[in-house]
Amino acid sequence: MSLSLEEIAKNVQTCREKVAAALAKAGRNDGVTIVAAVKTQPKELIEQVVRAGLIDNIGDNRVQEFMANYDPALKVNRHFIGRLQTNKVKYIIDKVCLIHSLDRDDLSYEIDRQARKHSLTADCLVEVNMGSEISKGGVEPEEALSFAESVKKYPNVRVKGLMSVLPNTDDGEKLIAMYRDLHSLFLDMKERFDGIDVLSCGMTNDYELAVTYGGSNMIRPGRVLFGDRVYKTEQING
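These numbers were taken from a predicted model, which means no experiment stands behind them. (Residues numbered from 1 in each chain as written. Predicted model: local features only at pLDDT ≥ 70, side-chain atom pairs only at ≥ 80, totals over all residues. Heavy atoms only, no water.)

**Q** What's the story with the packing of aromatic side chains in this structure? I'm lost.
**A** Counted according to the given criterion, the structure contains 2 aromatic pairs. Relative to Tyr70, the ring of Phe66 lies with its centre 5.8 Å away and its plane at 10 degrees, an arrangement referred to as stacked. Here the aromatic rings of Tyr109 and Tyr154 are separated by 6.4 Å at their centres, their planes lie at 75 degrees, and the arrangement is edge-to-face. Here Tyr154 lies in the loop between α6 (144-150) and β7 (157-164) and Tyr109 lies in helix α5 (residues 105-117), a separation of 45 residues in the sequence. (Phe/Tyr/Trp six-rings, centres within 6.5 Å; stacked < 30°, edge-to-face > 60°. Helix = DSSP H or I, 4+ residues; strand = E, 2+ residues; numbered from the N terminus.)

**Q** What is the right way to look at the state of the cysteines in this model?
**A** Cysteine pairs can be covalently joined through their sulfur atoms, and such a bond is termed a disulfide. Summed over the entire model, instances satisfying the criterion amount to 0 disulfides. Sulfur of Cys15: no disulfide; nearest cysteine sulfur belongs to Cys201 and is 14 Å away. Lacking any disulfide linkage, Cys124 is separated from the closest cysteine sulfur, that of Cys97, by 11 Å. (Disulfide = S-S within 2.5 Å.)

**Q** I'm lost on the pattern of salt bridges in this one. Help?
**A** Side chains bearing opposite charge may pair, as long as their charged atoms lie close to each other. A full pass over the atoms with the stated rule returns 15 salt bridges. We note a salt bridge from Arg51 to Asp71, for which the minimum N-O separation is 3.9 Å. Taken together, the residues Arg51 in helix α2 (residues 43-51) and Asp71 in the loop between α3 (63-69) and β4 (77-80) connect sequence positions 20 residues apart. Among the residues examined, Arg51 registers a relative accessible area of 58% and is labelled exposed. Connected through shared salt-bridge partners, Glu47, Arg51 and Asp71 make up one network. (Salt bridge = Lys/Arg side-chain N within 4 Å of Asp/Glu carboxyl O. Buried < 20%, exposed > 50% of the residue type's maximum accessible area, 1.4 Å probe, protein only.)

Any functional reading would require information beyond the geometric quantities listed.
Following this line, the structure appears as structure tokens:
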């Protein structure tokens, strides 16, 4: 059952307070963008939360849910944060402000091709698989910079930084070490490329670690804001 708007408002405020504490702990004076992961949340609830001014960035994991929830009249920044199939790029290319999961050449090619049709440049993040997990997308850390370099041949794709989904583990020290390595990789990327300014990492279970130790300036919490997921949508054909 969905949480009430008042409960979500309290959760959003708590999340902001924890982010502020993590920034202070890290000695940072910059900010963190909260991209609310709305996976399986009802369209009506998403609209209520946005119209109440609680969130201004939302992230979808699945194209079918993105399209089911999409309303061009809703004033919100839409992100695509899940694995993206090449045949689904056409549905979202002119509707998202940032694609978080660029990790292979055929996807770069298709994003470029679809973006060119709309006379736009698609902002993307290179997804990095910090834990080398077979079940997750992303390039290996040692390949991230060379992959970003390869994207330069696509004029309608613009790399803005890195994204990562770290392993689901209770080993805090392991996570901290991975976040530090990810932050180092991000700093190397900033030195090598122009326009790099987004490090998207940290979700419900680990966003405080991501901000404190990973230098994250964009987090993607879901359950901590909305509670448990409530339903699944049918897949659209594309």
